[in-house]
Amino acid sequence: MGLLAGKTALIFGVANKNSIAWGITKAFHTEGAQIGMTYAGEALGKRVMPLAAEIGCEFVEECDVQRDEDLDRIFAKFGERYGKLDILVHSVAYARSEDMGGRFIDISRDGFKLALDISAYSLIAMCKRAEPLMPNGGSVMSLTYYAAEKVMPKYNAMAVAKAALETMTRYLAADMGPRRIRVNAISAGPIKTLAAMGVPGFRTLYKSFEKAAPMRDVVTQDDVGQAALWLASDMSRMVTGEILHVDGGYNVLGLTASEEELRELDK
Ligand code: 0WD
């Protein structure tokens, strides 16, 4: 019996086979969950449909998380089809390129609103619709990044969105806990995905991460998938409101130096 046998999961944010959400989807599928997937826009649909077919997923819906009517339709349809929802995954983020990079003080009002709406508010909108489908409790999770905690070059508007997402994780956990619904976030180390490649300087950041992280390795979609599996399963039944770092320990460092640079300290 799989860890998620008998459970249903709705996953937002598979764009292609490199998406973190796809790593999570594969892990859930292997452990027996019934999975529903959504994708943003027709172009991505072409990439997502074959992936859904790979795991025999029959619930694949187009969804722009900025549109309440899309969310209403998807949650209603999921409820009709499966009767309940056990696991909700939010793996969605967007900020305009001009609001990632450049100077922080140049973020526009509209760009700020857009990044916060898509990358953070959407989690509240999803939880609101998921709750009635979780009468026996459930597990909600989203994806965040270290830029919410410490200044990372270029993240600007996205960093603020992630900070909101992390605070929301705690408030949602407190709000939904009495209904046995847990809400957590995974703070993943840098992973080469479509969204990440849009971050100016991502390649440089990616290389320096591997050299400095205590585990001396990069994080993969599958690493995040395994952590998500734990959060989704009953093994984490009393864990809520947490930001779980899946980053090879990078966030504990005060000095992020390569091994070479660390050797310099001995001289
Ligand atoms: O290094 C990384 N890749 C990290 C990503 C490190 C730590 C956290 N994350 C987070 C991201 O910020 C995001 O919240 O993980 C989540 C998933 O991102 P990803 O897997 O890195 O990127 P990607 O495969 O591109 O999926 C994000 C998707 C979008 O893809 P594109 O590339 O088209 O923006 O979010 C979706 C879309 O599928 N998305 C939307 N979905 C519904 N409605 C919308 C929208 N309006 N906008 C973007």
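Residues numbered from 1 in each chain as written. Predicted model: local features only at pLDDT ≥ 70, side-chain atom pairs only at ≥ 80, totals over all residues. Heavy atoms only, no water.

The next subject is the packing of aromatic side chains. By the definition in use, this model includes 8 aromatic pairs. With a centroid separation of 5.8 Å and 35 degrees between ring planes, the pair formed by phenylalanine 202 and tyrosine 206 is classed as tilted. In this pair, phenylalanine 202 and tyrosine 206 both sit in helix α7 (residues 202–212), 4 residues apart, roughly one turn of the helix. Judged by relative accessible area, tyrosine 206 falls into the buried class, the value being 15%. Summarising the aromatic geometry, the rings of phenylalanine 209 and tyrosine 250 are spaced 5.1 Å apart at their centres and angled 25 degrees between planes, so their arrangement reads as stacked. Note that phenylalanine 209 is positioned in helix α7 and tyrosine 250 in the loop between β7 (243–246) and α9 (259–264), a separation of 41 residues in sequence. The two residues phenylalanine 209 and tyrosine 250 agree in class, both being buried. Of the aromatic side chains, those joined through ring pairs into one cluster are Phe59, Phe78 and Tyr82. (Phe/Tyr/Trp six-rings, centres within 6.5 Å; stacked < 30°, edge-to-face > 60°. Helix = DSSP H or I, 4+ residues; strand = E, 2+ residues; numbered from the N terminus. Buried < 20%, exposed > 50% of the residue type's maximum accessible area, 1.4 Å probe, protein only.)

As a further point, take helix α4 (residues 109–130). Helical geometry note: an α-helix holds 3.6 residues per turn, so side chains three or four residues apart project in the same direction. For α4, spanning 22 residues, the distance from its first C-alpha to its last is 30 Å, which sits close to the expected 32 Å at 1.5 Å a residue. Within α4, the axis deviates most sharply at tyrosine 121, by approximately 45 degrees. (Expected span 1.5 Å × (residues − 1). Bend = angle between axes of the 7 residues up to and from the residue.)

This part is about the site of the ligand. Neighbouring the ligand are 27 residues, the closest being Ser19, Val65, Lys162, Ile191 and Thr193. Within the contact set of the ligand, an oxygen atom lies 2.8 Å away from a side-chain nitrogen or oxygen of lysine 162. A distance of 2.8 Å separates an oxygen atom of the ligand from a polar backbone atom of isoleucine 191. When isolated, the ligand has an accessible area of 870 Å², and the protein chains bury 89% of it. According to the grid-proximity analysis, the pocket containing the ligand is the largest pocket. By residue class, the composition of the shell around the ligand is 19 nonpolar, 6 polar and 2 charged. (Near = heavy atom within 4 Å. Polar contact = N/O pair within 3.5 Å; in protein donor to acceptor, adjacent residues only side chain to side chain. Areas by Shrake-Rupley, 256 points an atom, 1.4 Å probe, with all protein chains shown as cover. 1 Å grid on protein atoms, 1.4 Å probe; cavity = no way out; pocket = protein on both sides within 12 Å on 5 of 7 lines; lining within 4 Å. Sits in = over half its atoms within 2 Å of the grid points. Nonpolar A, V, L, I, M, F, W, Y, C, P; charged D, E, K, R; others polar.)

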